[in-house]
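Fold and contact review
For reference, the chains in residue letters:
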Amino acid sequence: MFDKVLICTDFSDGLHRLSQFIPSLKLAGIKEIVFLHVVPFWEKGIIPQVDTEKVAAAKTQLAAAISETASDVKVTIEVESGKPVDTILKVAQTHESRLIILGSQSRSSLTEKLVGSTMADLSRQTEIPLLVLRPQLFSAYTAEELTLRCQHLFRSLLIPYNDSKASNYVVKQVKQLAENQSDKYLQDCQLCWVLEDIDNPRSPRRILPEQAEEKLSQIKAELESVNVQVQTEILEGNPITQILETGVMTNISAIAVSSGTIGKLQEWLVSSCGAEILRQSWYPVLFFPFAD
């Protein structure tokens, strides 16, 4: 799975707590972890400067937590000044990270378009998968809950599917991960296809339930060929609502999605399913950047 992971934290997102659960992360297949904290430049003068005090304090805070954890996982601390996205991309390249973990607040598409977000900017500038976690939920986990969460980061994936380029790309990436994993870190997937307005006579059906079922059966066979257990489900209604409700009623570790339109003109007109799940889901979202 993802053996080299970059964990980005601003300390308000709670992700620095992961420094206390490194043995559990090892059980998810992680062998190398880089903790990154980006300190904004000190701009009280005419020329922006590195805020050395905040850099030192951040290094001390992360180092203190990591030193208490016994593990043979390689752990590196990076604290730098600069722009978050640029710094994350640079550090990820330096350490050859296979996954970037970051926190992201729930927000509307309009808010994101107006003020931007680190997650959206990263999704346009990297091919590295992103694991997006909600700070409010993550910070509320007890130590016992977080231990289990870290052990099973990728065990069960919910994959929204609609035969689009983005959803087929997710299936391709998940299959590759399953083929290359050294142990059963990814064990099962649930493929969920939501048909919109199936009973609305004024809305033409783009695909029949029988066609959807046949396509899901083909994908199920593909994933089962790499030793992943697969369940399929066809639902009716609003895709976002149904996918999030499925997450509530199913034992999943994360929702796996992709989108090629985040931050592009298309998003001003019609937001993609993957982008909306990223914005609205309280579940962890495993996002595969996709160039449409």
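Residues numbered from 1 in each chain as written. Predicted model: local features only at pLDDT ≥ 70, side-chain atom pairs only at ≥ 80, totals over all residues. Heavy atoms only, no water.

Along its length, the chain carries 12 helices and 10 strands. Expressed as a percentage of its 292 residues, the buried residues of the chain come to 49%. In the chain, the share of contacts with a sequence separation of at least 24, taken over all contacts with a separation of at least 6, comes to 78%. Carbon and sulfur atoms make up 49% of the accessible area of the chain, which totals about 14900 Å². (Helix = DSSP H or I, 4+ residues; strand = E, 2+ residues; numbered from the N terminus. Buried < 20%, exposed > 50% of the residue type's maximum accessible area, 1.4 Å probe, protein only. Contact = heavy atoms within 4.5 Å. Areas by Shrake-Rupley, 256 points an atom, 1.4 Å probe, with all protein chains shown as cover.)

In this structure, I7 and V174 are the most contacted members of the largest nonpolar core, which totals 56 residues. Here this core takes five residues from helix α8 (residues 165-180), the largest share from any one element. Contacts of I7, omitting those with residues within four sequence positions, involve L15, L18, L25, I33, V34, F35, L36 and I101. Ranked by size, the runner-up nonpolar core spans 31 residues in total, among them M119, L130, L158 and L235. (Core = buried A, V, L, I, M, F, W, Y, C linked by side-chain atoms within 4.5 Å.)

Looking now at the pattern of salt bridges. Evaluated as defined, the whole model comprises seven salt bridges. E96 is paired through a salt bridge with K4; the nearest N and O atoms lie 3.3 Å apart. With a gap of 92 residues between them, E96 in the loop between α3 (84-94) and β4 (99-103) and K4 in strand β1 (residues 4-8) connect regions that are remote in the sequence. Of the charged contacts in the structure, one is a salt bridge between D121 and R124, with a shortest N-O distance of 2.4 Å. Of this pair, D121 and R124 both sit in helix α5 (residues 118-125), three residues apart, which is roughly one turn of the helix. By relative accessible area, D121 is classed as partly exposed at 23%. (Salt bridge = Lys/Arg side-chain N within 4 Å of Asp/Glu carboxyl O.)

On to the pairing of strand β5 (residues 130-133). Neither face of β5 is left uncovered, since the one carrying L130 and V132 and the one carrying L131 and L133 both have all their residues buried. For β4 and β5, the ladder comprises four bridges, and the chain directions are parallel. Directly across from I101, in β5, lies its bridge partner L131. Here β5 runs beside strand β10 (residues 285-289); their pairing, made up of three bridges, is antiparallel. Within the sheet, the bridge partner assigned to L131 lies in β10 and is L286. (Pairing = 2+ DSSP bridges.)

Phi at D163 takes a positive value of approximately 65 degrees, unusual for a residue other than glycine. A positive phi angle, near 65 degrees, is found at N227, a position not held by glycine. Tracing the backbone through its elements, the reader meets N227 in the loop between α9 (209-224) and β8 (229-236). What makes N227 exposed here is its relative accessible area of 57%.

One way to put it is that helix α10 (residues 239-249) packs onto helix α12 (residues 273-280) with a least axis distance of 10 Å and a crossing angle of 50 degrees. With respect to each other, α10 and α12 are oriented oblique. When the axes of α10 and α12 are compared, the crossing they make is right-handed. Residues P239, I240, I243 and L244 of α10 pack against C273, E276, I277 and Q280 of α12. Along the lines of polarity and charge, the residues of the contact of α10 with α12 split into six nonpolar, one polar and one charged. (Axes fitted to C-alpha atoms, helices over the stretch in contact; angles between N-to-C directions. Parallel < 35°, antiparallel > 145°, perpendicular 65-115°, else oblique. Left-handed = near helix turned anticlockwise from the far one by under 90°. Nonpolar A, V, L, I, M, F, W, Y, C, P; charged D, E, K, R; others polar.)

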